[in-house]
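# Residue-level structural notes
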Amino acid sequence: MRHAAVLTLFLCLPAAAQTDLKCPELTPKTRFLKISRMQPQRRGKEWLEGTPKSVNSVSCDLYGMKTEEAEYDLKNLVLKNSYIYKEKDEARALCEKLKSEEKPVNTFSDEDRSTLDDYCRKYLKKDFGVVQVYDASPSQGGESSRKPVRQIFRLYNKSGFPVEERAFDPFLKLENVILYTYDKANNLTELAANDFDDRQLRRETWSWNRATSSKTHSVYGETNELRRKTVLELREDGTLRREVRSAYDSGEQPVTRSEIYCDAKGHPEKELVYDADATDPKYEYTYSYKYDAKGNWTEERKSRVIMYNGKRMQDSQYAPEITKRELQYY
């Protein structure tokens, strides 16, 4: 039930709202997803896909939550993590275990007590879960010898949606806190990320305009200044029609704006990029796709368009951005 409630929450959110624990939402449910960003190679007037310059992969459970992820730079492994989820009795037992492990070396004075111990004492009888993040790289040895590099304690509301996430380092000290706010229908309206000393790292808000069938996602910085804003305009069937992304400097002045027009499936089809408040686009891009038998794209090409003798045509001098996806389904 807990994972189902969390999944329901994330189904209602744009990609930018998802936490690091959630897999990309695809239909049918995805067991494994590998994303390769290619280094195109030119042959004559054509651009071939070339070799991968970066690769990211993620394994997912039936609830759409990450169980493992890896990142490669060329062929070099940069990151590999695995995720273990503990809920209810398992989470409480973990709290008790961590507390007992600290007792021989900790006086539990106000100065010495770990922040995780404080959390367990305060919320032991509350509804919470734990996500343990392990370094799964081969150099770390067998799984039985590993200790979590991060532990995320998630406090839930009565409907099973997370209202607070506290991340602790390997020494059980608080790293950061994320607070979630919902409306009466359990739609996420605000996310506040603070550091260990309760200083704001960022704040995000979501709002819905039913009259225009649009959603707005805004991101604020450390001093609560607006840094990014994304407006999603939807069709009657709920698919994405247009996406407008705006970026701002530290003084909340517009720097760039992108208008992305989508096809009937909600995939980007054309993108116009503007400088600040310019009325004419600086660049125009077109997107093309290859699909698998399930209707999900396996290759995306983003090509720049130029005007020549009054005609729009692809810029053959500019390498397209090529992204490939390998998907395995449940």
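Before any of the text, the structure's been laid out above.
Residues numbered from 1 in each chain as written. Predicted model: local features only at pLDDT ≥ 70, side-chain atom pairs only at ≥ 80, totals over all residues. Heavy atoms only, no water.

## As for the nonpolar core
- Among the nonpolar cores identified, the biggest contains 17 residues, and Cys95, Leu116, Tyr119, Phe128, Val130, Phe153 and Phe168 are the most heavily contacted of them.
- Listing elements by their share of this core, those giving two or more residues are α2 (89-102), α3 (115-123), β5 (128-135), β6 (150-156) and β8 (174-182).
- Among all residues touching Phe168, those that are not within four sequence positions of it are Thr115, Leu116, Tyr119, Val149, Arg150, Gln151, Phe153, Lys173, Leu174 and Glu175. (Core = buried A, V, L, I, M, F, W, Y, C linked by side-chain atoms within 4.5 Å. Buried < 20%, exposed > 50% of the residue type's maximum accessible area, 1.4 Å probe, protein only. Helix = DSSP H or I, 4+ residues; strand = E, 2+ residues; numbered from the N terminus. Contact = heavy atoms within 4.5 Å.)

## With respect to the state of the cysteines
- On inspection of all chains with the given rule, the structure shows two disulfides.
- Paired by a disulfide, Cys23 and Cys60 hold their sulfur atoms 2.2 Å apart. Disulfide Cys23 to Cys60: torsion about the S-S bond roughly -110°, handedness left-handed. One end of the pair, Cys23, is in the loop between α1 (2-11) and β1 (30-43); the other, Cys60, is in strand β2 (residues 46-60), and 37 residues separate them in sequence.
- Disulfide pairing places Cys95 opposite Cys120 at an S-S distance of 1.9 Å. Negative torsions about the S-S bond denote left-handed disulfides, and the value of about -80° found for Cys95 with Cys120 makes this one left-handed. (Disulfide = S-S within 2.5 Å.)

## Comments concerning a nonpolar patch on the surface
- Residues Leu62, Tyr63 and Tyr330 make up a contiguous nonpolar surface patch of roughly 300 Å² in combined accessible area.
- Within the fold, Leu62 resides in the loop between β2 and β3 (66-73).
- With relative accessibility at 47%, the residue Leu62 sits in the partly exposed group. (Patch = residues over 30% accessible without salt bridge, like charges linked within 9 Å, V, L, I, M, F, W, Y side chains within 5 Å. Areas by Shrake-Rupley, 256 points an atom, 1.4 Å probe, with all protein chains shown as cover. Salt bridge = Lys/Arg side-chain N within 4 Å of Asp/Glu carboxyl O.)

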